[in-house]
Amino acid sequence: DPDSDGDGVLDGADVCYAQDDTLDGDGDGVPDGCDNCPSDANAAQLDVDADGLGNACEGEVLLPAGLLISDLGTVGRSIATGDVNGDGFDDVVVGAPLHWETIDREGAAALYLGSAGGLAPMESWTVFSGQRDAQLGASVAAADVNGDGFDDVLVSAPNYDNGQPSEGVVALFLGSAAGLRATPSWVEEGNAPNAALGSMVASLGDVNGDGYEDVALVGAATSVYHGSAAGLRVVADWSVPNVGSVAGGDVNGDGFDDLVLGDGGAQGGRGRAWVYLGSAAGLAADPVWTDSQSDGGDDRYGTNVATLDVNGDGLDDIAISANDWPGGGRTFVYLGTPRGLQRSPSWYAVGVGSSAYHDNLGAGDLNGDGFDDLVIGNDLATDPELEEGAVSVYLGSAAGLLAAPVWTEESDLLAARFGWGVATGDVDGDGLDDLVVGAPNQANAFLAPQGAVYVYLGNTP
């Protein structure tokens, strides 16, 4: 009798075929890989509503906490979280790249402070580009680049002109006990026509292990700037020509964060993703891992990437979306191991709604069980409102992500694009990550796309 899953239990006596029978985190006698609720004991596997999630896991993982008040147009296209004033509560930065303050589509970004009562309803800081069609706020990120204990904020304007058309610019605003500084401490321009620097900005963690967080800027190339006591370096420390979505995490547990890069437009639209390992010298010149899942068409694999520890083993795993995969898009998860990423995905999810695309990925421990959960924003979801958008949450466990979402929310508003921007962070300091979701095309009273940002507090059901 064979042992197909290699767990030491022969197939004839295997309770959970093709999964490890020895993993049973809740001790209910049902291996985690086949348990409809691996985080809570449910030996009878009761599932009254037949949704694939056991009764023991039913309950609200997220509690709605209202809207952020903003007069910024198209607010919520980009969202980031970090503690900019060092008070122990994560704050939220939102981008509104099509906002018109004094000039058409100049763009804007705003900061909302966290507290024990949750996010402040009004912004405490705003910035505008002052240039027509610069689209400031297209991407935002938070990282403590100078190691002073305050997260700093990157804000991009990829259509910015300063001698070169649409060269783009990224500005760094330092955090302090009083919040974000009014003027940037560091500015980087694309310095080439149509470079569109700042198409994406991202916090990577610490790729060289020097104690300062590093960041990635995407434009004509993907470039990494190391942090230091003086802030970001003047010249990029690493660069590759591929561009797209970027995330950082330690996939092999060596203490250095690694870079994950996805490019949905690579290979004629088929898409590809790469992983570059970190080290004391910085990122490696060549990728240690690359993949291109495809059904044979232009699936745009790699449109978005994220890192998270779905099984609580201390190694970061990665999620990669393929927006145009037939059937509404698909998101794949690859597990990290001491030898690096697995070659094949351990999990995947298909789109939500009749016209869903996995545009934005987020991660955090929303229910406080010690496992990161995956957030998938599907801003083109139609069910039935056209492009209303939807967001789904898949819980992590010792066996990895659960097959069915534990929470799904739709906007129920025509063309709101709910889920365009998603981010997680602990805004009320209760130890549970909270979820922030943007709906940048949600209409105002005059039926114009004003935008909206929704907050959901993490909860232990």
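Residues numbered from 1 in each chain as written. Predicted model: local features only at pLDDT ≥ 70, side-chain atom pairs only at ≥ 80, totals over all residues. Heavy atoms only, no water.

K.L.:
Residue-level account of the overall build of the protein, with values.
P.N.:
When its secondary structure is counted, the protein shows 1 helix and 30 strands. Oriented by its inertia axes, the alpha-carbon framework of the protein measures out at about 70 × 50 × 45 Å. Pairs at least 24 residues apart make up 48% of the contacts formed inside the protein by residues separated by at least 6 positions. Put simply, the protein has 12 plus and 75 minus side-chain charges, and the middle of one group is 14 Å from the middle of the other. (Helix = DSSP H or I, 4+ residues; strand = E, 2+ residues; numbered from the N terminus. Contact = heavy atoms within 4.5 Å. Lys, Arg positive; Asp, Glu negative; His and termini not counted. Charge placed at Lys NZ, Arg CZ, Asp CG, Glu CD.)

K.L.:
Could you give me a rundown of the sheet that holds strand E29 (residues 434-439), with the residues and numbers involved?
P.N.:
Pairing is antiparallel across the open sheet formed by 4 strands, whose spatial order is E1-E30-E29-E28. If you trace the sheet from one side to the other, it starts and ends with strand E1 (62-67) and strand E28 (421-425), each paired once. The mean inter-strand angle of the sheet, taken between neighbouring strand axes irrespective of direction, is 20 degrees. Where E28 meets E29, 5 bridges bridge the pair, whose relative direction is antiparallel. Looking across to E29, one finds that Ala-423 is bridged to Val-436. (Pairing = 2+ DSSP bridges. Axes fitted to C-alpha atoms, helices over the stretch in contact; angles between N-to-C directions.)

K.L.:
Describe the packing of aromatic side chains, naming the residues involved and giving the relevant values.
P.N.:
One pair of aromatic rings is described through two measures. These are the centre distance and the angle between the planes. For the structure on display, the rule yields 10 aromatic pairs. With a centroid separation of 4.9 Å and an interplanar angle of 70 degrees, the aromatic rings of Trp-238 and Tyr-276 are classed as edge-to-face. In this pair, Trp-238 is assigned in strand E13 (residues 238-240) and Tyr-276 in strand E16 (residues 272-276), connecting sequence segments 38 residues apart. Given the relative accessible area of 3%, Tyr-276 is considered buried. Ring centres of Phe-332 and Tyr-348 lie 6.2 Å apart, and the angle between their planes is 45 degrees; on these two criteria the pair is classed as tilted. Taken together, the positions of Phe-332 in strand E20 (residues 330-334) and Tyr-348 in strand E23 (residues 347-350) put the pair 16 residues apart, joining distant regions of the chain. On the basis of relative accessibility, which here comes to 2%, the residue Phe-332 falls in the buried class. The exposure class assigned to Tyr-348 is partly exposed, which follows from its relative accessible area of 45%. Three or more aromatic residues joined by ring pairs form one cluster here, namely Tyr-301, Trp-325, Phe-332 and Tyr-348. (Phe/Tyr/Trp six-rings, centres within 6.5 Å; stacked < 30°, edge-to-face > 60°. Buried < 20%, exposed > 50% of the residue type's maximum accessible area, 1.4 Å probe, protein only.)

K.L.:
I'd love a proper account of the sheet that holds strand E10 (residues 200-205), names of residues and values included.
P.N.:
The antiparallel open sheet is built from 4 strands, whose spatial order is E10-E11-E12-E13. With partners counted over all chains shown, the strands left at the sheet margins are E10 and E13, one partner each. For this sheet the average axis-to-axis angle between neighbouring strands, irrespective of direction, equals 20 degrees. Pairing analysis gives 4 bridges linking strand E11 (residues 214-218) to strand E12 (residues 222-225), with the strands arranged antiparallel. Bridge pairing links Val-218 to Thr-222 in E12.

K.L.:
Tell me about the environment of Ala-285, and please be specific about residues and values.
P.N.:
Positionally, Ala-285 belongs in the loop between E16 and strand E17 (289-291). Between the alpha carbons of Ala-285 and Gln-267 there is a distance of 21 Å; along the sequence they are 18 residues apart. Excluding its chain neighbours within four sequence positions, the residues that come into contact with Ala-285 are Trp-238 and Tyr-276.

K.L.:
Summarise the pairing of E12; cite the residues concerned and give the values.
P.N.:
Every other side chain in a regular strand lies on the same face of the sheet, so the side chains alternate between the two faces. Taking every second residue as pointing to the same face, both faces of E12 are buried, with Thr-222 and Val-224 on one and Ser-223 and Tyr-225 on the other. Connecting the antiparallel pair E11 and E12 is a turn made up of 3 residues. Bridge count between E12 and E13: 3 bridges; the pairing is antiparallel. Among the inter-strand pairings, Ser-223 is bridged to a residue of E13, identified as Ser-239.

K.L.:
Tell me about the pattern of salt bridges, and name the residues and values.
P.N.:
Taken as a whole and assessed by the stated rule, the structure comprises 3 salt bridges. When the shortest N-O distance is used, the salt bridge between Arg-105 and Asp-133 registers 3.1 Å. Taken together, the residues span a long stretch of sequence, with Arg-105 in the loop between strand E3 (91-96) and strand E4 (108-112) and Asp-133 in the loop between strand E5 (125-128) and strand E6 (140-143) at a distance of 28 residues. Looking at Arg-105, the relative accessible area reads 32%, which means it is partly exposed. Of the charged contacts in the structure, one is a salt bridge between Asp-379 and Arg-417, with a shortest N-O distance of 2.6 Å. Taken together, the residues Asp-379 in the loop between strand E25 (373-378) and strand E26 (390-394) and Arg-417 in the loop between strand E27 (407-410) and E28 connect sequence positions 38 residues apart. A single burial state applies to Asp-379 and to Arg-417, both of which are buried. (Salt bridge = Lys/Arg side-chain N within 4 Å of Asp/Glu carboxyl O.)

K.L.:
Give a detailed account of the side chain of Asn-146, specifying residues and quantitative values.
P.N.:
Residue position: Asn-146 is located in the loop between E6 and strand E7 (152-157). Asn-146 sits in the buried class, given a relative accessible area of 14%. If we skip the residues at most four places from it in the chain, Asn-146 touches Asp-152, Leu-174, Tyr-212, Ser-228, Ala-229 and Gly-231.

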